[in-house]
Amino acid sequence: MSQRVALAAPVAVALALAAYPVVASGYEVRATLQIFMWIVLAGSWNLISGLTGYVSFGHVAFFGAGAYAGAILISKAGWPWLAAALVGGGAAVLLALVIGYPCLRLKGPYFAIAMLGLNEVLRALVSYFEGLTGGGNGLSLPTLDATVPIYYVMGLTAVAVTVLTYLIITSRFGLRLMTIREDEVAAEAMGIDTARHKLYAFLLSAAGPGIAGALTARDQGYIEPISVFPLATTITMIVMVLFGGKGTVWGPVLGAVVLFVAQEVVWARYPYVHPLLFGALIVAVVLLMPRGVLGILQVRYRLPRTI
Amino acid sequence: MATPVLDIDRLRKRFGGVTAVDGVSLRLEAGRIYGLIGPNGSGKTTLFNCITGVERRDEGRVVFGGERVDGLRPWEIAQKGIGRTFQVIRVFPELSALENLLVVTRDRLAAARERADRLLRFVKLDGLRDEYAGNLSYGQQKLLEFVRMLMRDPTLILLDEPAAGVNRTLLNDLLEAVRQLRDRGKTILLVEHDMKVVMGLCETVFVLDHGEKIAEGAPGVIQTDERVIEAYFGR
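Treat the numbers as computed from the prediction; the structure is a model and nothing was measured. (Residues numbered from 1 in each chain as written. Chains lettered and ligands numbered in written order. Predicted model: local features only at pLDDT ≥ 70, side-chain atom pairs only at ≥ 80, totals over all residues.)

## A word on the overall build of chain A
A tally of helices and strands in chain A yields 14 helices and two strands. On C-alpha atoms alone, chain A measures out to a radius of gyration of 19 Å, which is about the 19 Å that the 2.2 N^0.38 rule sets for 307 residues. Projected onto its principal axes, the C-alpha coordinates of chain A cover approximately 50 × 45 × 40 Å. Across the 307 residues of chain A, 49% fall into the buried class. The long-range fraction of contacts in chain A, counting pairs at least 24 apart against all pairs at least 6 apart in sequence, stands at 79%. (Helix = DSSP H or I, 4+ residues; strand = E, 2+ residues; numbered from the N terminus. Rg over C-alpha atoms; globule rule 2.2 N^0.38 Å. Buried ≥ 20, exposed ≤ 12 C-beta atoms within 10 Å, placed from the backbone. Contact = placed C-beta atoms within 7 Å.)

Structure below.
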C-alpha cells in the first residue's frame, strides 16, 4: 500500500508538472524551470558529497563547463540545442575525469579547496580564450524562444538525477560509496577499490550540472564568466542538500523546492534582507539540524535512505 | 618446511627520524595462531599497517601465498586474502549491521546475504541486523568488525588487540571463534596486551621492542626470555 503511494505520488506530480506549461504564465514556467535546475544541481552534488563524503566547493565548475561547451556549439557551430546540451553533459564528465584523478586523492578540506580552485581556474581560462568564448564580454546565442521545450528537458534531467540517486542508494555500489564517507581506510582494508568508486561517483555527479549549464545557457541566450561560475551557486546547492537531508533520495529535491520558493518570496519582498536571511539559514541548518529535514526523520522514525 | 602463508623479510619503516619497524623478519605457517607483543610504540601496529598496505614499507619484502604484496594498495591486498581488524573500532556507523557485511563482498546478493546472516548469528548479532552499526555497544561493534573481516573468507587474519575493552563472556566467545578459524586452516596473527590471552591462545609469539624483533618462540619460552623481561620491565 505505502509502496504504491510512494510510486504513485511522484508520478502524479510529474504528470501535473508536464501539463503545467499549458496553464502557467511565462514567469511560472521560468520559475519551475529554475527549480528543476536546482534539483539537478543539488541532486548531483549529493552523489559525490552527500553520499560519498567528498565535499565539493567547486561543483558549479561543471555547470559552467557545460554552459560554455553548449553555448559554443550552438553559436559557433550551429548545433541544435538538445544535442549541444548532451555534449555539455559529456564535456563536464570529461572535465571530471581529468581533474578527478589528482583531486580525489585529497581528503576533507583539501579536496574542497582544490575544487574551489578549479572553478576559479576555469573562470580565468574562459576569460582568457576570447576568440572562442568571447572572454569577459560574454557569449551571445542566436535568438530563440525555447523555454517550454527546455522546461521539459530540464525536468527530465531532474527526474533522471533523482532516479539515478535512488538506484545508487539501493545498490551495493551505493553502499560502497557510503563506506568511503564513513571510513575510507576501513573500506580499503575490506577490499573496496575506493579510488575507482570515488571516480565513478564524481563522473556521475558532473553529468547533470553539465547538461543543466548548457540548457540554462540556451534559455538565457547570453553567458559570461561571472554568470556561469559563481561560488554562490555551489553554496546554494550545498545548502539545499544539507537542508533537505544529505545522502537521501528526496532530500535534494525537498531542499531545492523549499529554498527556491522561500528565496523567491523573500527576494521579492525584502531584497536587502535576503542575503542576511540566507546566511542565517545556513548557520541554522548546520547548527540545529546537520542531517537535514529528511535525515532527522530518517533517524527518528528509522526510515530507509530511499526517502 | 611447507611454504609459509606470510613471509616478511627484513621489513623497515621510518617516520622521519624514527624507525618504527627496523628490519623485522617473520614467517607464518598455515593453520596456526601467532602472537605479536611488545611495549607501546614497539612497532606492532606499524607492522600490521605495512602488511596490509595502509603504510608503504621503506625496505624489505612481504610475500603472501608465494606472491609479493608490498607495494600493492590495501584493497588489492585485502582481495588477495588478508583480513584485519583495527585497534580502534572502524565499523561503518551509518550502515546497518547487515550492510556492514554486505558491502564487503562482490558475491551474488543472495549468497552474500546468506553468508552475512550466518556470520551475524555466529556472533549473536542477528537480532540487530538492521540497526545502525554506530548504535551498537562497543563490544557488539567489535564483534561486527570481526565478522565483517570474515566476509571475504581471508586466509590470513590480523587482529589488532581483539581483547581490549571486551568483557569476559564476549572475550571467551571471540577466542573460541579464533580457535575454530585456526582449525579450519586459517592463519591468525594477533597483537594483544592481555598476556593471559596471548599465552592461552598463541602457539608462537614474536616480541618487538623499538621496532626490532627481540624474541620468537612458544609462550612459555618467551615468558622467561631475558631480553623480553628487560624490554617490559627495564633492567
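## A word on the sheet that holds strand 1 (residues 6-15) of chain B
Residue and element names in this part refer to chain B. Reading across from one edge, 2-1-4-5 is the order of the four strands in this open sheet, with antiparallel pairing throughout. The open sheet terminates on both sides in strands that have one partner only, identified here as strand 2 (18-28) and strand 5 (67-68). Sheet topology note: the strand 4 (residues 59-64)/strand 5 ladder contains two bridges and is antiparallel. Bridging across to strand 5, Val63 finds its partner in Arg68. In the packing of helix 1 (residues 44-51) onto the sheet, contacts are made with strand 1, strand 2 and strand 4, and the angle to strand 2 comes to roughly 65°. (Pairing = 2+ DSSP bridges. Axes fitted to C-alpha atoms, helices over the stretch in contact; angles between N-to-C directions.)

## Quick notes on the environment of Asp58(B)
All names here are of chain B. If you trace the backbone, Asp58 turns up in the loop between helix 1 and strand 4. Judged by local crowding, Asp58 falls into the partly exposed class, with 14 C-beta atoms found within 10 Å. Spatially, the C-alpha atom of Asp58 lies 5.1 Å from that of Lys13, the residues being 45 residues apart in sequence. Sequence-distant contacts of Asp58, defined by excluding residues within four places in its chain, comprise Arg12, Lys13 and Arg14.

## Overview of the nonpolar core
All names here are of chain A. With 160 residues, the main nonpolar core has Ile39 and Met154 as its most contacted residues. For this core, the leading source of residues is helix 2 (residues 26-51), giving 13 residues. If we ignore the near neighbours within four places in the chain, the residues touching Ile39 are Ala158, Val161, Thr162, Pro252, Val253 and Ala256. (Core = buried A, V, L, I, M, F, W, Y, C linked by C-beta atoms within 7 Å.)

## Thoughts on the pairing of strand 10 (residues 212-217) of chain B
Residue and element names in this part refer to chain B. Pairing geometry for strand 9 (residues 204-209) and strand 10, over five bridges, is antiparallel. Along strand 10, the bridge assignment pairs Val205 with Gly217. Between the antiparallel neighbours strand 9 and strand 10 lie two residues, among them His210 with a positive phi of about 50°.

## Here we look at helix 9 (residues 194-220) of chain A
Taking 1.5 Å as the rise per residue, helix 9 of chain A with 27 residues should run 39 Å; its terminal C-alpha atoms sit 39 Å apart, in good agreement. Directly after helix 9 of chain A, the chain includes Gly221(A), whose backbone phi takes a positive value near 80°. (Expected span 1.5 Å × (residues − 1).)

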